[in-house]
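# Observations on the model geometry
The residues making up each chain are set out below.
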Amino acid sequence: MRTVTFYSYKGGVGRTLALANVAEYLAMFKKRVCLIDFDLEAPGLNYKLEEKTGKDIDIPYQKGIVDYMHYFFVESQQTAFRKNLKEFTIDVTFPNHKHTPVTYIPAGNVKYADYWKKLSELEWHKFFNEGKRYGIPFFLELKARIEKELKPDILLIDCRTGISEILGFTTSILADHAVVLGANNKENLDGCILVMKSLAKSENHIHKKPLKLHFVQTRIPYPENEGERLREKKQLKDVKEKLDESLGENTIEKVLVIHSDRELLWEEKLKISGDRKEPIVQDYLNLFDAVTDGFLNRREEEKLNVIIKAEELFNKAYRERGLNKKLKWLNESIKLNPTPNAYHLRAIIYKGQDLYNEALEDYEKAITLNSEDALIFYNRGVLYNSDSKHEEALQDYNKAIELNPKFSFAYINRGILYSKLGGKNEEALQDFNKAIEIDSLSDKAYFNRGVLYSNLGKNEEALQDFNKAIEIDSEYADAYNNRADLLRKMGEYEQAFQNINKALMIDSNDAYTHSTLAEIYAETGEETLFYENTEKALELGCPVWEFIDDKAYDNYRNSPRFKKLLAKYQNKADS
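Rules and cut-offs
Residues numbered from 1 in each chain as written. Predicted model: local features only at pLDDT ≥ 70, side-chain atom pairs only at ≥ 80, totals over all residues. Heavy atoms only, no water. Helix = DSSP H or I, 4+ residues; strand = E, 2+ residues; numbered from the N terminus. Rg over C-alpha atoms; globule rule 2.2 N^0.38 Å. Buried < 20%, exposed > 50% of the residue type's maximum accessible area, 1.4 Å probe, protein only. Contact = heavy atoms within 4.5 Å. Areas by Shrake-Rupley, 256 points an atom, 1.4 Å probe, with all protein chains shown as cover. Pairing = 2+ DSSP bridges. Salt bridge = Lys/Arg side-chain N within 4 Å of Asp/Glu carboxyl O. Patch = residues over 30% accessible without salt bridge, like charges linked within 9 Å, V, L, I, M, F, W, Y side chains within 5 Å. Lys, Arg positive; Asp, Glu negative; His and termini not counted. Charge placed at Lys NZ, Arg CZ, Asp CG, Glu CD. Axes fitted to C-alpha atoms, helices over the stretch in contact; angles between N-to-C directions. Parallel < 35°, antiparallel > 145°, perpendicular 65-115°, else oblique. Left-handed = near helix turned anticlockwise from the far one by under 90°. Nonpolar A, V, L, I, M, F, W, Y, C, P; charged D, E, K, R; others polar. Core = buried A, V, L, I, M, F, W, Y, C linked by side-chain atoms within 4.5 Å. Expected span 1.5 Å × (residues − 1). Arc of directions from axis to C-beta. Phe/Tyr/Trp six-rings, centres within 6.5 Å; stacked < 30°, edge-to-face > 60°. Lys NZ or Arg CZ within 6 Å of the ring centre and 35° of its normal. Polar contact = N/O pair within 3.5 Å; in protein donor to acceptor, adjacent residues only side chain to side chain.

### Comments concerning the overall build of the chain
- From N to C terminus, the chain includes 26 helices and eight strands.
- Relative to a compact globule of 575 residues, whose C-alpha radius of gyration would be 25 Å, the chain shows 32 Å and is clearly more extended.
- Seen along its three principal axes, the alpha-carbon backbone of the chain occupies a region of about 105 × 60 × 40 Å.
- By the burial criterion, 50% of the 575 residues in the chain qualify as buried.
- Contacts in the chain between residues far apart in sequence, at least 24 positions, make up 65% of those at least 6 positions apart.
- Put simply, the chain shows about 28,600 Å² of open surface, and 46% of that area lies on carbon and sulfur atoms.

Below, the structure is given as structure tokens:
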């Protein structure tokens, strides 16, 4: 088991983000990885992992490394360990690497006062320098238990900033390698050198073996021209010379760099598995290569190169606008390394081409590879619904909501389906209400709840919801159309005309809008315009024959002209 401690003299240099990137890439190699958050005063490794996995990491009460240490040092008075180390761990799965979850040992649940109380009672100086000094045996036992019970290939430790006992035991007792990150200023560099001087001495390590040190210079802007490239080269040369002078020549083989990245300044995210053309990705890959030197064999590297090539093709397909090229890149990506994301994207394309069976097959393959992605189930539900397989669609919407209880679109689509199934109006209303609770600016939720209210004869409630949908999206043609239809039923013809005209201005070729306009003309006695717009609606594909029970058709329902017009298009639809 290789053990790597990530340390920074000061905070804000991207230490935890660098560790999380390395962890994800190791998972791509199918390596068993264990992570410990030893930044006990400000733990935050879980946030970096949550960003990539897309799921909140629920840290149970009293289930972290602080609780584990407190039991030994305080509760048992240094006489007993907790029996099961596994109960203090959380399995974290990265997308596309579901079969190699990362084992995460959090600091503990900082939301509880009990965590801070326990932390304050851990007297490090006493444990290492007074009495029986059980500090060293404890951490030797911890490392042995991690290796025996959790069986990781590599242990990554996120160490707190500054000079402390935690730095001592995470490096001198636990680690084989130490990654030291420092920002581009004299204070950071001097502080890092002070620490590395101690780390570089074999006599300061429990096994009397030298610690492999890596130094990473951070917060350097990307050079945008030759002058800046030369400036960066000189800066790194000067740092290397200072490190050699202070620590001994080539104690640090190479000064690594993690540049400033504008996207990461806006939103921290794991980038290492992204497009290799991005400079920040190359920075993280260089760090990964350094800490895994001699750890990975050639076969593993060759396999990963295939995976990387497949991801490059997937990213190329994702950005490509041309459909044929998009499918070409996706097919090549899937041939190299089938992933749920690639199958998912291809399924969406197939659906757009009305290739139902091909799309369904790809959705099933995507789900086989990743049964925890709510979006895949949701989109398969949309596919089932398009083929009138309502029960199958309902099952998929249910699953999507189970996996992501805050998935507002899944509630909306399930609500629409409930309203179609008959006798499920109450369930439909609950789903629309839930979608609005999740997203109070969801125009689709207000619109569909308005449709439900309208069908139930609750005109005032329906009108309020259509108003709200239009308030959120002033170009929502369907909302104007349905509001016009509702106003027509309420006898407010002038307002109905205003709304239907607005809908036509937004989309003049919408079949249902012309049908609504025809119905308004029918009730206002404009027979010529009624027939003109009814035929236009039929031409555009609106099944007007499904609506003839409406009172608007009272004067036309039995008309030979009207029946002949309907029959003409109904026969076309049936054929």
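### Concerning the pairing of strand β5 (residues 154–159)
- Counting buried residues along β5, six of its six residues qualify, which places the element largely inside the surrounding structure.
- Of the two faces of β5, both are covered, the one formed by I154, L156 and D158 as well as the one formed by L155, I157 and C159.
- Relative to β5, strand β1 (residues 2–8) runs parallel, the two being bridged by five bridges. Counterpart to R2 in the pairing with β5 is I154.

### Some details on the side chain of D431
- Considering the arrangement of structural elements, one finds D431 in helix α19 (residues 425–438).
- When its relative accessible area of 5% is taken as the criterion, D431 is described as buried.
- Setting aside its immediate chain neighbours within four residues, D431 contacts Y411, R414, G415 and Y418.

### Here's the deal with the pattern of salt bridges
- Tallied over the entire structure, the rule returns 38 salt bridges.
- Of the charged contacts in the structure, one is a salt bridge between K240 and D244, with a shortest N-O distance of 2.9 Å. Of this pair, K240 and D244 are both found in helix α9 (residues 226–247), four residues apart, which corresponds to roughly one turn of the helix. Neither K240 nor D244 differs from the other in exposure class; each is buried.

### Points about a positive patch on the surface
- Taken together, the side chains of K277, K309, K316 and K325 make up a positively charged region of the molecular surface.
- Following the sequence through the fold, K277 ends up in the loop between α10 (262–266) and α11 (279–291).
- The exposed category is assigned to K277, whose relative accessible area is 74%.

### A short note on a negative patch on the surface
- Together, D289, D293, E301 and E302 make up a negatively charged patch on the protein surface.
- Along the polypeptide, E301 turns up in helix α12 (residues 298–319).

### Notes on the packing of helix α24 (residues 511–523) against helix α25 (residues 527–539)
- The interhelical angle for the contact between α24 and α25, taken along N-to-C directions, is 160°, at an axis separation of 8 Å. It follows that α24 is roughly antiparallel to α25 by the angle criterion. By crossing handedness, the relation of α24 to α25 is classed as left-handed. Across from A511, H514, S515, L517, A518, Y521 and A522 in α24, the residues of α25 making contact are L529, F530, N533, T534, K536 and A537.
- Here the residues of the contact of α24 with α25 sort into eight nonpolar, four polar and one charged.

### A short note on the environment of L287
- Structurally, the position occupied by L287 is in helix α11.
- With relative accessibility at 1%, the residue L287 sits in the buried group.
- It is 68 Å that separates the C-alpha atoms of L287 and A518, two residues lying 231 residues apart in sequence.

### Comments concerning the nonpolar core
- L330, A400, F530, V544 and F562 are the most contacted members of the largest nonpolar core, which has 81 residues in total.
- When near neighbours in sequence (up to four residues on either side) are disregarded, A400 contacts A374, F377, Y378, F407 and A410.
- Listed in part, the 49 residues of the second largest apolar core include A23, V92, V102 and L264.

### Details of helix α6 (residues 135–150)
- In this model, α6 (16 residues) spans 22 Å end to end at C-alpha, consistent with the 22 Å of a helix rising 1.5 Å per residue.
- Those residues of α6 that sit buried are G135, F138, F139, L142, K143, R145, I146 and L150. For α6, the angular spread of buried residues about the axis comes to 160°, placing them on one side.
- Downstream of α6 by one or two residues, K151 has phi in the positive range, about 55°.

### Quick look at the packing of aromatic side chains
- Applying the stated rule across the entire model yields 26 aromatic pairs.
- Relative to Y521, the ring of F497 lies with its centre 5.3 Å away and its plane at 55°, an arrangement referred to as tilted. You can see F497 sitting in helix α23 (residues 493–506) and its partner Y521 sitting in helix α24, a full 24 residues away along the chain.
- Judged by relative accessible area, which is 21%, F497 ranks as partly exposed.
- For the pair Y531 and Y556, a centre-to-centre distance of 5.7 Å together with 90° between the ring planes defines the contact as edge-to-face. Of this pair, Y531 sits in helix α25 while Y556 is found in the loop between α25 and α26 (560–574), placing the two residues 25 residues apart along the sequence.
- With relative accessibility at 5%, the residue Y531 sits in the buried group.
- In this structure, K444 packs its charged tip against the face of Y476, placed 4.9 Å from the ring centre.

### Observations concerning the environment of D396
- Relative to the elements of secondary structure, D396 occurs in helix α17 (residues 390–403).
- The sequence separation of D396 and I154 amounts to 242 residues, and the corresponding C-alpha distance is 38 Å.
- If near-sequence neighbours (up to four positions away) are discounted, D396 is found in contact with F377, R380, G381 and Y384.

### Focus: unusual backbone geometry
- Here R219, not a glycine, exhibits a phi torsion of approximately 60°, which is positive.
- Inspection of the secondary structure assignment puts R219 in strand β7 (residues 212–220).
- Given the relative accessible area of 48%, R219 is considered partly exposed.

### Digging into the pairing of strand β2 (residues 33–38)
- Of all the six residues making up β2, six are buried; the element is thus mostly covered by neighbouring parts of the structure.
- Side chains of β2 alternate between two faces, with V33, L35 and D37 and C34, I36 and F38 buried alike.
- In this structure, β2 lies alongside β5, joined through six bridges in parallel fashion. By the bridge assignment, F38 is partnered in β5 with C159.

### Quick look at α24
- Taking 1.5 Å as the rise per residue, α24 with 13 residues should run 18 Å; its terminal C-alpha atoms sit 19 Å apart, in good agreement.
- Along α24, the positions that sit buried rather than exposed are A511, T513, H514, S515, T516, L517, A518, E519, I520, Y521 and A522.
- Contact partners of the buried residues in α24: α22 (477–489), α23 and α25.
- N-cap assignment for α24: the residue whose side-chain oxygen lies 3.2 Å from the backbone N of Y512 is D510.
- A positive backbone phi angle near 80° is found at G525, which sits one or two residues after α24.

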